[in-house]
Amino acid sequence: MQPFVLESSAVRLEVPGAADVEAIVEACQDPVLQRFTTVPRPYAPADARFFLERIVDHGWATGREATWGLRGPGSSLLLGVVSVRMRTRDIGFWTTPAARGRGLMTAAVRLVADWALGDGGLDQLHWEGYVGNDASAAVARRTGFTYTGVGPGTQPDRDGGRPLCWKARLRPVDERFPKQGWPDLTGGAGEPPREWLRPADVDDSAPETPGTPRRPEDS
Ligand SMILES: CC(C)(COP(=O)(O)OP(=O)(O)OC[C@H]1O[C@@H](n2cnc3c(N)ncnc32)[C@H](O)[C@@H]1OP(=O)(O)O)[C@@H](O)C(=O)NCCC(=O)NCCS
């Protein structure tokens, strides 16, 4: 696949490159990002270069993974990363702490989902986030994903475990507005209500090979 740009009035998504190393390294020091993703800890410039060469460039070249850097219109500053793994049909993302809460990732996920479920040829897109990651769930909810339940993550965490994840799914026919049935995303990290804890009914039939290292910028 050739990298391409996606853009709206709110965001510009284009392949990240060497000029973004510093911004990626700085973002990946954030404890929230470290808590809810499996980026290496500690995170050094070599990790960013590995990500750019082996995950981003290789992913585009092989068609296995499409990764974009999120920027504001007319700006070169990297504000986040969003990617889709084509085989497992899952979306992952993060924004820099300073860029959060402005609707940027919501706008980015809308663009990426429209591509993935359109020209990208996917029949569904999966999202999962660790239980308690309300901000990520809010993005998935706002962009029209249907909450499908909770279950072990499809990707190992840093210790090789499979922490409990909220899961959701978006299909091409789904309306892109918030659906009923999501947890009450209040921003608290308390116990989730019992009704959220039904087993996930997502199609996990194509998980990554156990033990496969996760991409550095994964979620
Ligand atoms: C998840 C993340 C990408 C969201 O990015 P963002 O640019 O802030 O997203 P948006 O501004 O588009 O939307 C944020 C939504 O989360 C809500 N939100 C933000 N912080 C929240 C919190 N602590 N609790 C509950 N909701 C929260 C916002 O209100 C908004 O929802 P709303 O529009 O329905 O009110 C960002 O918080 C992040 O990078 N987190 C760390 C990495 C991560 O968790 N990645 C996802 C792994 S699954």
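Rules of the game
- Residues numbered from 1 in each chain as written.
- Predicted model: local features only at pLDDT ≥ 70, side-chain atom pairs only at ≥ 80, totals over all residues.
- Buried ≥ 20, exposed ≤ 12 C-beta atoms within 10 Å, placed from the backbone.
- Helix = DSSP H or I, 4+ residues; strand = E, 2+ residues; numbered from the N terminus.
- Pairing = 2+ DSSP bridges.
- Core = buried A, V, L, I, M, F, W, Y, C linked by C-beta atoms within 7 Å.
- Contact = placed C-beta atoms within 7 Å.
- Expected span 1.5 Å × (residues − 1).
- Bend = angle between axes of the 7 residues up to and from the residue.

A. Structural view of the pairing of strand E5 (residues 90-95). Counted residue by residue, E5 has six buried out of six residues, so it is predominantly covered. Along E5, one buried face is formed by Asp 90, Gly 92 and Trp 94 and the opposite face, lined by Ile 91, Phe 93 and Thr 95, is buried too. In textbook terms, the turn of a hairpin is the stretch between consecutive antiparallel strands, and for strand E4 (residues 80-85) and E5 this stretch comprises four residues, one of which, Arg 89, has a positive phi near 60 degrees.

B. Broad picture of the nonpolar core. Membership of the largest hydrophobic core comes to 47 residues, with the highest contact counts inside it found for Leu 70, Val 82, Ile 91, Phe 93, Ala 108, Val 109 and Val 112. Looking at this core, the element that brings in the most residues is helix H4 (residues 104-116), giving nine residues. Dropping the residues within four chain positions of it, Val 112 is found in contact with Leu 6, Trp 68, Val 82, Val 84 and Ile 91.

C. Broad picture of the pairing of strand E8 (residues 164-170). For E8, the tally of buried residues reaches six of seven residues, placing the bulk of the element in the interior. Across six bridges, strand E6 (residues 125-130) lies against E8 in antiparallel orientation. Pairing of Trp 127 across the sheet is with Ala 168, part of E8. As paired elements, strand E7 (residues 146-152) and E8 share six bridges and run antiparallel to each other. Bridge pairing links Pro 152 to Leu 164 in E8.

D. The environment of Val 82, seen in detail. With respect to the secondary-structure elements, Val 82 resides in strand E4. Residue classification places Val 82 among the buried positions, given that 27 C-beta atoms sit within 10 Å. Those residues in contact with Val 82 that sit more than four places away from it in its chain are Leu 13, Trp 68, Leu 70, Ile 91, Phe 93, Ala 108, Val 109 and Val 112.

E. The arrangement of helix H3 (residues 45-62) in detail. When the terminal C-alpha atoms of H3 are compared, their 24 Å separation across 18 residues agrees well with the 26 Å that a helix rising 1.5 Å per residue should span. Along H3, the helix axis deviates most sharply at Phe 51, where the bend reaches about 25 degrees. For H3, every residue scored as buried is listed here: Ala 48, Phe 51, Leu 52, Ile 55, Val 56 and Gly 59. Its buried side turned inward, H3 meets helix H1 (21-27) and strand E3 (65-71). Looking one or two places after H3, you find Gly 63, whose phi comes out positive at around 75 degrees.

F. View of the environment of Ala 46. Mapped onto the elements, Ala 46 comes out in helix H3. Spatially, the C-alpha atoms of Ala 46 and Val 25 are 9.1 Å apart, while their sequence positions differ by 21 residues.

G. Region of interest: unusual backbone geometry. For the bond from Arg 41 to Pro 42, the omega torsion is 0 degrees, close enough to zero to count as cis. In this fold, Pro 42 is placed in the loop between helix H2 (31-36) and H3. Positive phi is not limited to glycine here, since Arg 89 has a value of about 60 degrees.

Without other data, these values stay purely geometric and don't point to any function.
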